[in-house]
Every structure is written in structure tokens, then in C-alpha cells.
Amino acid sequence: MPAVDIVPPSATAPVAVVTTTVGSEADAARLARGAVQARRAACVQVERITSHYVWKGQQCEEPEWRLVCKTLPATVPALLAWLREAHGYEVPQLLVRTELAAADYADWVAQQVGGGAERT
């Protein structure tokens, strides 16, 4: 059976998603508010998670808060620089991916981060 497009490609536009984690709810709220206020992200979602990892030879299991930031691909370098400066971790997780979004949502993201109606 052939694949069926739910949303035609002409009705989509790229949006970048940047993900990071922090160790406290207060840090998550501070970074989320700051990224939106600085117009580096249009929206930041915050989720409570549990992370398992090895740091400096020690097995760790810690509560963390994941921030999922939506922005434009062209704004990613500015958002990453801002997060590195504002982040409390020595080596912050900074993951970037590009996704296709509905065109009207991508337009809203562009308006929020100062990109107008431009899409990259």
C-alpha cells in the first residue's frame, strides 16, 4: 500500500527543535522564560524526566527537566549560544533536529523569533 501524505509538502515548513536538560524546575523555568523573552525560541515545553548516565565515573540516576525549544533553523546558532551561556551544566545536552511543521505554525514560530514570514 503506498504511503499517503497527511499534510501535503507544500503546506509544511521547517522548524528547528532544540532539546536540553537541567537539574531543577527553577532552572527549567528560568531558561524557558529567558529563551522566549530573548526571542531565541517561540515556545519552550518543560517536562519532568528521570535521567540515567555516567558522570566522572559514577553511575547516576537523577530527576531532570527537559526543555524542548521550537525555533527557526536560522536561529539555532543564536539559541545554542544563549543556552550555553545561561546553562548551569558543565557539559549541557544540546540536541538539534529539524522537523516539518504545518505552515501556519512555522509562520507563527517565525513571527515569534523575529523571522517574519520568511522560511529557510
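Residues numbered from 1 in each chain as written. Predicted model: local features only at pLDDT ≥ 70, side-chain atom pairs only at ≥ 80, totals over all residues. Heavy atoms only, no water.

A.B. asks: What should I look at first to understand the overall build of the protein in this one?
C.D. replies: What the protein contains, in helices and strands, is 3 helices and 4 strands. Tracing the protein from N to C terminus, the helices and strands come up as β-α-β-β-α-β-α. By residue count, 36% of the 120 residues in the protein fall in the buried class. A total of about 7,400 Å² of accessible surface is found on the protein, and carbon and sulfur atoms cover 53% of it. (Helix = DSSP H or I, 4+ residues; strand = E, 2+ residues; numbered from the N terminus. Buried < 20%, exposed > 50% of the residue type's maximum accessible area, 1.4 Å probe, protein only. Areas by Shrake-Rupley, 256 points an atom, 1.4 Å probe, with all protein chains shown as cover.)

A.B. asks: Teacher, can you tell me more about the packing of aromatic side chains here?
C.D. replies: What describes a pair of aromatic rings is the distance from one ring centre to the other and the angle between the planes of the rings. Taken as a whole, this structure holds 1 aromatic pair when the rule is applied. Ring plane angle 35° and centroid distance 5.6 Å describe the contact between Y105 and W108, whose orientation is recorded as tilted. Of the two residues, Y105 and W108 are both situated in helix α3 (residues 103-112); the distance of 3 residues between them amounts to about one turn of the helix. Judged by relative accessible area, which is 33%, W108 ranks as partly exposed. (Phe/Tyr/Trp six-rings, centres within 6.5 Å; stacked < 30°, edge-to-face > 60°.)

A.B. asks: Is there a simple way to explain a nonpolar patch on the surface in this structure?
C.D. replies: Taken together, the side chains of Y53, W55 and V91 make up a nonpolar region of the molecular surface, amounting to roughly 290 Å² of accessible area. Mapped onto the fold, V91 is located in the loop between α2 (76-86) and β4 (95-102). (Patch = residues over 30% accessible without salt bridge, like charges linked within 9 Å, V, L, I, M, F, W, Y side chains within 5 Å. Salt bridge = Lys/Arg side-chain N within 4 Å of Asp/Glu carboxyl O.)

A.B. asks: Sorry if this is basic, but what is going on with helix α1 (residues 25-37) here?
C.D. replies: End to end, α1 covers 18 Å across 13 residues, agreeing with the expected 18 Å (1.5 Å per residue, within 8%). The complete set of buried residues in α1 reads A28, L31, A32, G34 and A35. Directly beyond the C-terminal end of α1, a positive phi value near 60° is found at R39. (Expected span 1.5 Å × (residues − 1).)

The values are spatial; any link to function lies outside them.
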